[in-house]
Amino acid sequence: MTAPEITIATPADRRAVVDTLVAAFVKDPVLRHLFPADETYPEYAATFFGNLFDKRVHRSSIWTIAGGASVAIWEPPAEPAAGHTTPARYPADVQARVQSYDDAVHAALPAFPFWYLGVLGTHPDSAGRGWGRAVMRAGLERAAADGLPAILETSKPANVELYRRAGWEVAGFLPEPVPTWVMQQSPR
């Protein structure tokens, strides 16, 4: 059986993409640091991912597969890394956590141009099919075509090894506010 086609997301894909990412990041250390309460996680995470989607969808830098079952939201290098900052739709304590994490990560990113893999997630119902790697690869190919490196960050220690096997190298580490590895892949 062949894998479904990888497509560039359009505004019509917003709901499927956001739903996938909310489900994919339920146990993610960063998302649970930002939105620790189980009762508000779905709403706040949907706002967070919806904002990222809205900022990138018109830049043709969101790749999906199987109707949004796996998603890679990339930030092109044409503008400085804008981060995850969201409109103030959160209570003050939540907004402060979002801004603090955003500031810490973006202070650790390189000054040279790069493609930034801000979010990579697969809906739990579709995990284990290799679709995450496929949508990630689409962005890596775009970065390589531009002759630029790719950067990502992860807060899951197990992901560090997964990314290493996919050609990424650790470029930095942030101990706070959540232990986070910054990784880089040079263009091939």
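Along each chain, residue indices are assigned from 1 in the same order as the chain's sequence is written. Given that this is a predicted model, residues contribute local features only at a pLDDT of at least 70 and side-chain atom pairs are listed and counted only at 80 or more, while totals for whole chains, interfaces and linings are drawn from all residues. By convention in this description, side-chain values take in all heavy atoms of the structure and omit both hydrogens and water.

Caption draft 1: Looking closely at the sheet that holds strand E4 (residues 115-122). Sheet architecture is open: 7 strands sit in the order E1-E2-E3-E4-E5-E7-E6, paired in mixed fashion. With one partner strand each, in any of the chains shown, strand E1 (6-8) and strand E6 (169-174) form the two edges of the open sheet. Across the sheet, the mean angle separating the axes of adjacent strands is 25° when strand polarity is ignored. Strands in contact with helix H4 (residues 92-108) are E4, strand E5 (150-154), E6 and strand E7 (180-185); relative to E6, the strand with the most contacts, it is inclined by about 135°. Here a residue-residue contact requires only that any non-hydrogen atoms of the pair lie within 4.5 Å. In this analysis an axis means a line fitted to C-alpha atoms, helices contributing only their contacting stretch, and an angle means the value between N-to-C directions, from 0 to 180 degrees. Runs of E in the DSSP output that reach at least two residues are strands. Runs of H or I that reach at least four are helices, and both are numbered from the N terminus. Those strands touched by helix H6 (residues 157-165) are E4, E5, E6 and E7, and its axis lies near 5° from that of E7. Between any two strands, pairing holds if DSSP finds at least two bridges.

Caption draft 2: How the structure looks around the pattern of salt bridges. The term salt bridge refers to a pairing of a side-chain nitrogen on Lys or Arg with a carboxyl oxygen on Asp or Glu at a separation within 4 Å. One pass over the structure, following the stated rule, counts 5 salt bridges. For arginine 15, the salt bridge is made with aspartate 19, and the minimal N-O distance between the two is 3.6 Å. Highlighted residues: arginine 15 and aspartate 19, both in helix H1 (residues 14-24), separated by 4 residues, approximately one helical turn. Each residue's exposure class comes from its accessible area (1.4 Å probe, protein chains only) as a fraction of the maximum for that residue type: buried when under 20%, exposed when over 50%, partly exposed otherwise. Judged by relative accessible area, aspartate 19 falls into the partly exposed class, the value being 40%.

Caption draft 3: Looking closely at the packing of aromatic side chains. Ring pairs are drawn from Phe, Tyr and Trp, using the six-membered ring of Trp, whenever the two centres fall within 6.5 Å, and their geometry is named by plane angle: stacked under 30 degrees, edge-to-face over 60, tilted for the rest. The final tally for this structure, using the stated rule, is 12 aromatic pairs. Taking 5.3 Å as the distance between ring centres and 45° as the angle between the ring planes, the aromatic pair formed by phenylalanine 25 and phenylalanine 49 counts as tilted. Here phenylalanine 49 lies in helix H3 (residues 41-56) and phenylalanine 25 lies in the loop between H1 and helix H2 (29-34), a separation of 24 residues in the sequence. Judged by relative accessible area, which is 1%, phenylalanine 49 ranks as buried.

Caption draft 4: Fine view of the environment of aspartate 13. By the element assignment, aspartate 13 lies in the loop between E1 and H1. For the pair aspartate 13 and valine 57, spaced 44 residues apart in the sequence, the C-alpha separation amounts to 9.3 Å.

Caption draft 5: Broad picture of the nonpolar core. What makes a nonpolar core is a set of buried Ala, Val, Leu, Ile, Met, Phe, Trp, Tyr and Cys residues whose side-chain atoms join them at distances within 4.5 Å. Counting residues in hydrophobic clusters, the biggest one holds 34 residues, and the most contacted among them are Leu21, Leu31, Phe35, Phe48 and Phe49. Among the elements of the structure, H1, H2, H3, strand E3 (70-75), H4 and E4 are those that each provide at least two residues to this core. Ranked by residues supplied to this core, first place goes to H3 with 7 residues. If near-sequence neighbours (up to four positions away) are discounted, phenylalanine 49 is found in contact with Val18, Leu21, Val22, Phe25, Leu31 and Val119. In this structure, Ala69, Trp131, Ala138 and Tyr163 belong to the second largest nonpolar core, which totals 23 residues.

Caption draft 6: Quick look at the pairing of E3. Among the 6 residues that make up E3, 6 are buried, leaving the element largely enclosed by the rest of the structure. Of the two faces of E3, the one lined by Ser70, Ala72 and Trp74 and the one lined by Val71, Ile73 and Glu75 are each fully buried. The pairing of strand E2 (residues 62-65) with E3 spans 4 bridges and is classified as antiparallel. From the neighbouring strand, threonine 64 faces E3, where its bridge partner is valine 71. Joining the antiparallel neighbours E2 and E3 is a turn of 4 residues, in which alanine 66 adopts a positive phi near 55°. Of the strand pairs in this sheet, E3 and E4 are connected by 6 bridges, and their pairing is antiparallel. Opposite isoleucine 73, over in E4, you have valine 119 as the bridge partner.

Caption draft 7: How the structure looks around the confidence of the model for the chain. In the predicted model, the chain carries a mean pLDDT of 91, and the fraction of residues at 70 or more is 93%. Think of pLDDT as the predictor's per-residue confidence, scored from 0 to 100. Model confidence for the chain, summarised as mean pLDDT per element, is weakest for H4 at 91 and strongest for H1 at 98. Predicted confidence for residues 80-86 stays below pLDDT 50, and this span has 31 contacts to residues more than four positions away or in other chains.

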